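Close look at the chain arrangement
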Amino acid sequence: MKKHSLLFLFFLSVACSTDAPVTDDHAEADDHSVHVEPDQAAEWGIETAIVATSDVSSRVTVPGVLGLNDNRTAHISSFVSGKVVDLSVDLGSNVREGQVLLTINSPEFAEAQADYLDANSRCKLARRDYERALELWETRSIEERDLLRHEAELGQCITDLAASESSLHSYGVDHEWMDDLKARSVNLSQEGGDPDLIADANLPIYSPIVGRVIYRDVVVGEHVDPTHTLFTVSRLGALWALLDVYENDLPYVRLSSDVVIKSPLFPSTDFPGRIAYISDVVDETLRTVQTRVEVTNIDGLLKPNMYIQGIVQNRNDTASVIAIPDDAIVMLHGEQTVFVLGSPEPGEDHLVFLVQHVEVGELIGDLRIITSGLEEGQAVVTVGAFTLKSEIDKSAGGHEGHVH
């Protein structure tokens, strides 16, 4: 259920113990006031609040649940099929971008390296042949068709090399890694070894982002493939609050609205947020619109999947207003009326509630704007106004105005 917050400075309850004895003069009423003993006010559950002006033109509270920030989350799987030979992190580990998470032994990865080295060697040879053929053709030592044949062979080798580079890139390696692979191959060749043996079947899997490991589903020795999510890494300093805004509240929720996220686990802490997205579709069953709020996770107190509430409010930049619960307003003698707390006569200890006529404006949720009739600092009855009205009605109907 939604709940709208009151626009008051503070709350004052006049409810007292209900164990006090009830006498015949507990309540007296006339057309302008009702006098109530404190114990009777407690029994009726009368509550008041101090009226204050505010620049908040609307405020609604909607339910929601916390989720991971998908823009700061990575679900990590293997680029190849293979066997896990080493794990470098565990659940709860904080990792940096580019840090090795695990290592997979994959013959497929080794084969891709061998193909790349072979294409690179053939490309070097084809380039030397073409350059030599170009020199010979310029002196007309060979025919043009021989030059074109060498040019075509070089072009094919360049294409094959690019394809092998793309294949290695698909395994998560960069140009710097491939340059190192070529350098090691050259060194081995110069030492008389087989450069093809430089290929390493062990593929390291890196974290693409800075964050915390919040999910792990892999063990050493397990055979994995690209369809298997191994780790989830997420930056938990900013989460998504997924709010279900009721259809009736949509006029008061917009991208520019102020948002505060509240958790029942931390009632005294406000978590500031920003509306990033409002769905264009109303849920057919719930009659709600999902609204996504980016919320700052102060001190890491918030956890994904927590139930929370979002307080969404808009501000009026031109004027401050007074708003009270709509239930505080009753019809008395055909006029909109509220009860305000008055002062008893000297020496008397009962509570005096005065009738005060008001003019009302727009209804915002369960709050009604008061355009005139109330002033800042007055204490208005927010709960129990209908009870006080009934006392005046009884008095006007010929009753003595006492409660028994």
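Owing to the predicted nature of the structure, the values given are computational and were not obtained by experimental measurement. (Residues numbered from 1 in each chain as written. Predicted model: local features only at pLDDT ≥ 70, side-chain atom pairs only at ≥ 80, totals over all residues. Heavy atoms only, no water.)

1. Looking at the overall build of the protein chain
Inclusion rule: Numbering goes from the N terminus for both helices and strands, where a helix is a DSSP run of H or I of at least four residues and a strand is a run of E of at least two. Classification of residues uses two cut-offs on accessible area relative to the type maximum, computed with a 1.4 Å probe and protein chains only: under 20% is buried, over 50% is exposed, and between them is partly exposed. Contact criterion: two residues are considered in contact whenever any of their non-hydrogen atoms come within 4.5 Å of each other. For the area figures, the Shrake-Rupley method with a 1.4 Å probe applies, and any residue is considered shielded solely by the protein chains shown.
Along the backbone of the protein chain there are five helices and 25 strands. Taken across its 404 residues, the protein chain has 38% of its residues classed as buried. Expressed as a percentage of contacts within the protein chain between residues at least 6 apart in sequence, the contacts between residues at least 24 apart total 74%. Entry remark: accessible area of the protein chain is about 21,700 Å², with carbon and sulfur atoms responsible for 49%.

2. Things to note about the sheet that holds strand 7 (residues 82–87)
Where we set the bar: The pairing criterion for strands is at least two bridges between them, as found by DSSP.
In space, the four strands of this open sheet follow the order 10-9-7-12, with antiparallel pairing throughout. Two strands lie at the open edges of the sheet, namely strand 10 (202–206) and strand 12 (223–224), each paired on one side alone. The sheet contact formed by strand 9 (residues 100–105) and strand 10 spans five bridges and is antiparallel. Bridge assignment links L102 to a residue of strand 10, and that residue is I205.

3. Points about the packing of aromatic side chains
Rule in force here: Pairing of aromatic rings covers Phe, Tyr and Trp, the last through its six-membered ring, and needs centres within 6.5 Å; plane angles under 30 degrees mean stacked, over 60 mean edge-to-face, and all others mean tilted.
This model, assessed by the stated rule, comprises three aromatic pairs. Each ring, one from F109 and one from Y171, has its centre 5.5 Å from the other, and the planes form 75°; the classification is edge-to-face. Remark: Y171 occurs in the loop between helix 3 (144–169) and helix 4 (175–190) and F109 occurs in helix 2 (residues 107–138); sequence separation between them is 62 residues. Assessed through its relative accessible area of 0%, F109 is described here as buried. Note on Y171: relative accessible area 7%, which makes it buried. Relative to F271, the ring of F266 has its centre 6.5 Å away and its plane inclined at 70°; by these criteria the two rings are edge-to-face. Here F266 falls in the partly exposed class, since its relative accessible area comes to 25%.

4. Some words on helix 2
The condition that has to hold: Multiplying one less than the number of residues by 1.5 Å gives the expected span of a helix.
Its 32 residues place the ends of helix 2 46 Å apart at the C-alpha level, agreeing with the 46 Å of an ideal helix rising 1.5 Å per residue. Within helix 2, burial applies to F109, A110, A112, Q113, Y116, L117, A119, N120, C123, A126, Y130 and A133. Trailing helix 2 by a residue or two, R140 shows a phi angle of about 60°, which is positive.

5. A word on the nonpolar core
Applicable threshold: Think of a nonpolar core as a cluster: buried Ala, Val, Leu, Ile, Met, Phe, Trp, Tyr and Cys residues, connected wherever their side-chain atoms sit within 4.5 Å.
Membership of the largest hydrophobic core comes to 36 residues, with the highest contact counts inside it found for L102, L168 and F231. Core analysis: the second largest hydrophobic core is formed by 19 residues, L66, V245, I261 and V295 among them.

6. Regarding helix 3
Since the α-helix turns once every 3.6 residues, residues separated by three or four places project in the same direction. Look at helix 3: 37 Å from first C-alpha to last across 26 residues, which is about the 38 Å you get at 1.5 Å a residue. Taken together, the buried positions of helix 3 are L147, H150, L154, C157, L161, S164 and L168.

7. What to know about the confidence of the model for the protein chain
Low-pLDDT stretches of the model should not have their predicted coordinates read in fine detail. Counted only if it meets this: Every residue gets a pLDDT, meaning the predictor's confidence in that residue, from 0 to 100.
Averaged over all residues, the pLDDT of the protein chain equals 83, while 85% of them reach at least 70. Counting interchain partners and residues more than four positions distant, the pLDDT-below-50 stretch residues 1–26 has 77 contacts. The low-confidence segment residues 398–404, where pLDDT is below 50, has 16 contacts with residues more than four positions distant or belonging to other chains.

8. With respect to the packing of helix 2 against helix 3
Here is the rule we go by: Orientation is described by axes fitted as lines to C-alpha atoms, over the contacting stretch for helices, and by angles from 0 to 180 degrees between their N-to-C directions. The labels follow the angle: roughly parallel below 35 degrees, roughly antiparallel above 145, roughly perpendicular from 65 to 115, and oblique for the rest. Left-handed describes a crossing whose near helix is turned anticlockwise from the far helix by less than a right angle; the clockwise case is right-handed.
Where helix 2 contacts helix 3, the axes come no closer than 8 Å and their chain directions differ by 155°. Taken together, helix 2 and helix 3 sit at an angle that is classed as roughly antiparallel. Where helix 2 crosses over helix 3, the two elements pack in a sense that is left-handed.

9. Section: the environment of V51
Looking at the secondary structure, you find V51 in strand 4 (residues 47–51). The class of V51 is buried, set by a relative accessible area of 1%. In this structure, the C-alpha to C-alpha distance between V51 and E375, residues 324 residues apart in sequence, is 7.0 Å.

10. Comments concerning the environment of R292
Mapped onto the fold, R292 is located in strand 17 (residues 288–296). What makes R292 partly exposed here is its relative accessible area of 23%. Sequence separation between R292 and L66 is 226 residues; the distance between their C-alpha atoms is 9.7 Å. Not counting chain neighbours up to four residues away, the residues in contact with R292 comprise W240, A241, L242, R274, I275, A276 and Y277.

11. Some remarks on the sheet that holds strand 13 (residues 229–234)
Strand order in the open sheet formed by four strands is 6-13-11-8, with antiparallel pairing between adjacent strands. Single-partner strands in this sheet number two, and they are strand 6 (73–77) and strand 8 (94–95).

12. Some thoughts on the pattern of salt bridges
Note the cut-off: By definition, a salt bridge exists where a carboxyl oxygen of Asp or Glu is found within 4 Å of a side-chain nitrogen of Lys or Arg.
For the coordinates displayed, the defined rule picks out 14 salt bridges. Taking the shortest distance from any N to any O, the salt bridge between D90 and R216 comes out at 2.8 Å. Linking D90 in the loop between strand 7 and strand 8 with R216 in strand 11 (residues 211–216), this pair joins segments that are 126 residues apart in sequence. The exposure class of D90 is partly exposed, given its relative accessible area of 38%. For R216, a relative accessible area of 30% translates into the label partly exposed. In this structure, the salt-bridge partner of R287 is E247, at a minimum N-O distance of 3.1 Å. Separated by 40 residues along the polypeptide, R287 in the loop between strand 16 (266–278) and strand 17 and E247 in the loop between strand 14 (238–246) and strand 15 (258–263) bring together distant segments of the chain.

13. With respect to unusual backbone geometry
Residue R287 is not a glycine yet carries a positive backbone phi of 60°. Positive phi, normally seen in glycine, also occurs at H333, with a value near 55°. Note that H333 resides in the loop between strand 20 (330–332) and strand 21 (335–342). Given a relative accessible area of 54%, H333 falls into the exposed group.

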